[in-house]
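# Results of the structural survey
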Amino acid sequence: MRVVVVSSEVAPFSKSGGLGDVCGAIPAALTRRGHQVVTVSPRYGSIDLQAHRITDTGARFGVHTGSGRHDVAILRADRDGVPHLFVEHPMFSGRRGLYGDERGTFKDNLLRFAVLSRVALEVPRRVPLIDGAPLGEQVVFHANDWHAALVPVLLEAVYRPLGIYAQAPSVLTVHNLAHQGVFPGNDFASLDLAPRWFTPTCLEWYGNLNLLKAGLLTAEELTTVSPTFAREIMTESGGFGLDAILRIRHDRMTGILNGIDPTEWNPATDPHLDRRYDVTDFVAGKAQNKRALQAELGLPRDDVPLVGSVGRLDPQKGVELIIESVPWLAEQGVQFVLLGSAAPAHARYEHALRELERRYPNNVRAWIGFSERVAHRIEAAADLFLMPSKFEPSGLNQLYSMRYGTVPVVRSTGGLADSVTPLDPQQDHGTGFRFEAFDGAAMRDALYRALWTWKHQKDRFLRAAERGMRKDVSWDTAVAGYEHVYQRASHRRGGL
Ligand code: ADP
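All values reported here derive from a predicted model rather than from experimental measurement. (Residues numbered from 1 in each chain as written. Predicted model: local features only at pLDDT ≥ 70, side-chain atom pairs only at ≥ 80, totals over all residues. Heavy atoms only, no water.)

## Things to note about the packing of aromatic side chains
Across all of its chains, the model carries 15 aromatic pairs by this definition. Measuring from centroid to centroid gives 5.8 Å for Trp265 and Tyr404, while their planes differ by 70 degrees, and the two rings are edge-to-face. Of this pair, Trp265 sits in the loop between strand 14 (253-255) and helix 8 (282-297) while Tyr404 is found in the loop between helix 12 (397-403) and strand 19 (407-411), placing the two residues 139 residues apart along the sequence. With respect to class, Trp265 is no different from Tyr404; both count as buried. (Phe/Tyr/Trp six-rings, centres within 6.5 Å; stacked < 30°, edge-to-face > 60°. Helix = DSSP H or I, 4+ residues; strand = E, 2+ residues; numbered from the N terminus. Buried < 20%, exposed > 50% of the residue type's maximum accessible area, 1.4 Å probe, protein only.)

See the structure below:
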């Protein structure tokens, strides 16, 4: 199959979270299975052309929106056999941020991502890719999150009425339903679409525009990044206002748990670690990495349990529960290391964590910022990894943790519920500890059980860690799921 993956983030070129990781990994895994895949994403100012060996394809064309014509150049970098295409336009390359800067979200994001979607739809027709020829119309468009959700809409509204892409289906993947691309209804004019697309069956949403909702209603197939999240979002409490829309399309929705990049996240080859290890020597390997991290952070090198946490400091991630529970952790004599950063709106989390570090200098380290290196070192050094998310479409860090022999303590939601099986007290089974209710007491209860097991049943604890290391968290399983979805989508348009 020929697949065009459209995303606002493609790691390692651009990434603010799991979206980037996934859109970097799926194309490579599909290519390994013999498909022809390209990605289309913006060339942000933060993407270093030289470092990534990005070259100019020479392709130039203009796309139209309500505000006029936008001329773009198409750049390209090849990685793992995947041509990654980049949209070069001053709206992207003139700014370092993906979605905003220190002053907040960019005001023209609707236009920026409308241009991304319009360009992506032109790529198979205009950009020479195979022996100098473009991909052609027999493609599957795989759009990701709201930034690319206009792709299915534009296919239906602009191309198919002209007989173009008649058999090219679109698949829309929801990585995070909390962000829907909602803009004032008056901005509809800037999309340059006929008025009938600003209706409740497409873009209109309580008088506003809602790009994700329109994509959910028009794409041939939908996916989200775990089976449990696929079910949760069809309920009122988990649907972010879109549950009714999703229920209408329940027969189009498939939940596919994310995998991880086995080359980047492999304790046997990880360049960030003091000592590399695998499942045969993980106890000694982790102990050495723990001592190294303790030394680096100026924590006493005691043999106390080390609890790690990495992620965006966002209400989604249950940061309140963590902040509330740090004094309790310190009382238990536990060490707690957190790496994360907050959007300006949530800067209070950074202050609170820094304050906790001051109060508990022997027990707490809050590393505020974004650092791949520190993320890898925490995964390798910690005994337990804490992820008390309010909701979690898939979650990657619990998968990295298991790969690194670090036992996850997670709230039982979305992809966390699908990937971490609870340790069974009676039988030797399970890879982590789970709790249900989104509150601090429930989280501390799970942590208590985990810490108790670490102290009093070390063998059982280590066997859980070992099972985590042996678990299949590769993309190859996940990608077979995407293949099925692409096939179903193609059938719906009379293809394949
Ligand atoms: P989300 O996509 O909701 O942010 P995921 O767990 O799916 O959550 O993916 C988060 C990704 O971003 C992981 O690869 C994680 O390691 C990384 N990450 C998040 N915050 C940081 C940080 N401060 N430093 C380094 N990596 C981070």
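## Structural notes on empty space enclosed by the protein
Here the idea is plain: a probe the size of a water molecule rolls over the atoms and shows the empty space left. One pass over the structure, following the stated rule, counts one cavity of 30 Å³ or more. Taken as a whole, the largest cavity encloses approximately 100 Å³ of empty space. (1 Å grid on protein atoms, 1.4 Å probe; cavity = no way out; pocket = protein on both sides within 12 Å on 5 of 7 lines; lining within 4 Å. Points joined across faces, edges and corners; volume = space filled by probe spheres on them.)

## Description of the site of the ligand
In the vicinity of the ligand lie 19 residues, with Gly18, Asp21, Arg312, Lys317 and Gly369 positioned nearest. Between the ligand and Ser371 there is a distance of 3.1 Å, counted from a nitrogen atom to a backbone nitrogen or oxygen. Partitioning the shell around the ligand into residue classes produces six nonpolar, nine polar and four charged. For the shell around the ligand, the two domains that each supply at least three residues are domain 1 (2-259 + 476-492) and domain 2 (282-470). (Near = heavy atom within 4 Å. Polar contact = N/O pair within 3.5 Å; in protein donor to acceptor, adjacent residues only side chain to side chain. Nonpolar A, V, L, I, M, F, W, Y, C, P; charged D, E, K, R; others polar. Domains from an automatic or database assignment.)

## As for the sheet that holds strand 20 (residues 433-435)
Across the sheet, which stays open at both edges, the six strands sit in the order 17-16-15-18-19-20 with parallel pairing between neighbours. Looking at which strands have only one partner, the edges of the open sheet turn out to be strand 17 (364-368) and strand 20. On average, each strand axis in the sheet is tilted by 15 degrees relative to the strand beside it, whichever way the strands run. In this sheet, strand 17 lies alongside strand 16 (residues 335-340) in parallel orientation, the contact comprising five bridges. (Pairing = 2+ DSSP bridges. Axes fitted to C-alpha atoms, helices over the stretch in contact; angles between N-to-C directions.)

## Quick word on the environment of Asp187
One can find Asp187 in the loop between strand 10 (182-183) and strand 11 (204-205). When the C-alpha atoms of Asp187 and Leu111 are compared, they prove to be 9.3 Å apart, with 76 residues separating the residues in sequence.

## Observations concerning helix 3 (residues 109-126)
With 18 residues, helix 3 extends 25 Å from end C-alpha to end C-alpha; this agrees with the ideal 26 Å at 1.5 Å per step. Of all 18 residues in helix 3, 16 are buried; the element is thus mostly enclosed. (Expected span 1.5 Å × (residues − 1).)

## Re the domain arrangement of the protein
Looking at the protein, the domain boundaries give domain 1 (2-259 + 476-492) and domain 2 (282-470). The C-alpha-based centres of domain 1 and domain 2 are spaced at 33 Å. Taken together, the contacts link 18 residues of domain 1 with 18 residues of domain 2. Carbon and sulfur atoms supply 59% of the area buried between domain 1 and domain 2, which totals about 1300 Å² over both sides. Across the domain 1-domain 2 interface, the total number found is one salt bridge. Lys15 is the salt-bridge partner of Glu372, the closest N and O atoms lying 3.7 Å from each other. Joining domain 1 to domain 2, the criterion identifies eight residue pairs in polar contact (both at pLDDT 80 or more). At the level of elements, helix 1 (18-32) and helix 6 (227-232) are the ones that each hand at least two residues to the side of domain 1 that touches domain 2. Per-element accounting of the side of domain 1 that touches domain 2 gives the leading share, four residues, to helix 6. (Contact = heavy atoms within 4.5 Å. Buried area = accessible area lost by both parts, 1.4 Å probe. Salt bridge = Lys/Arg side-chain N within 4 Å of Asp/Glu carboxyl O.)

## Things to note about the pairing of strand 13 (residues 221-224)
In regular strands, side chains alternate between the two faces of the sheet. Of the two faces of strand 13, both are covered, the one formed by Glu221 and Thr223 as well as the one formed by Leu222 and Thr224. Relative to strand 13, strand 9 (residues 170-174) is paired through four bridges, and the arrangement is parallel. Looking across to strand 13, one finds that Thr173 is bridged to Thr223.

## Some thoughts on helix 14 (residues 440-456)
In a regular helix each residue adds 1.5 Å, so 17 residues correspond to 24 Å; helix 14 covers 24 Å between its end C-alpha atoms and thus fits that length. For helix 14, the set of buried residues is Gly440, Ala442, Met443, Arg444, Ala446, Leu447, Ala450, Leu451, Thr453 and Trp454. For helix 14, the secondary structure elements touched by its buried residues are helix 8, helix 9 (319-331), strand 18 (384-387), strand 19, strand 20 and helix 15 (458-470). The residue sitting at the N-terminus of helix 14 and contributing the capping side-chain oxygen is Asp439; that oxygen lies 3.2 Å from the backbone nitrogen of Ala441.

## Some thoughts on the pairing of strand 8 (residues 140-144)
Counted residue by residue, strand 8 has five buried out of five residues, so it is predominantly covered. Side-chain alternation along strand 8 places Val140, His142 and Asn144 on one buried face and Phe141 and Ala143 on a second face that is also buried. Where strand 1 (residues 2-6) lies against strand 8, four bridges are found, and the strand directions are parallel. Within strand 8, the residue paired with Val4 across the bridge is Phe141. Taken together, the four bridges between strand 8 and strand 9 define a ladder with parallel strand orientation. When the bridges of strand 9 are listed, Asn144 appears paired with Thr173. This β-α-β element, strand 8 to helix 4 (residues 150-159) to strand 9, shows right-handed connectivity. (Right-handed = clockwise from strand over helix to strand, strands pointing away.)

## Quick notes on the environment of Asn397
Considering the arrangement of structural elements, one finds Asn397 in helix 12. Counting along the chain gives 364 residues from Asn397 to Arg33, while the straight-line C-alpha distance between them is 26 Å. Those residues in contact with Asn397, other than ones at most four positions away along the chain, are Val310, Glu379, Phe385 and Met387. Within the structure, the side chain of Asn397 is placed 3.2 Å from the backbone oxygen of Val310, a separation counted as a polar contact.

## A few points about the sheet that holds strand 10
Sheet architecture is open: three strands sit in the order 10-12-11, paired in antiparallel fashion. Each of the sheet's edge strands pairs with one partner strand only, and the pair in question is strand 10 and strand 11. Where strand 11 meets strand 12 (residues 208-210), two bridges bridge the pair, whose relative direction is antiparallel. Bridge pairing in strand 12 links Glu204 to Leu209. The sheet contacts of helix 5 (residues 211-218) involve strand 10, strand 11 and strand 12, and relative to strand 12 the element is tilted by about 55 degrees.

## As for the layout of surface pockets
Here the second largest pocket defines a volume of roughly 320 Å³. Considering the residues around the second largest pocket, the lining is formed by 19 residues, among which Val283, Ala287, Lys290, Asp303 and Asp383 are closest to the centre. Sorting the residues of the lining of the second largest pocket by element identifies helix 8 and helix 15 as the ones contributing at least two each. Looking at the lining of the second largest pocket, the element that brings in the most residues is helix 8, giving seven residues. In terms of residue class, the lining of the second largest pocket is built from nine nonpolar, two polar and eight charged.

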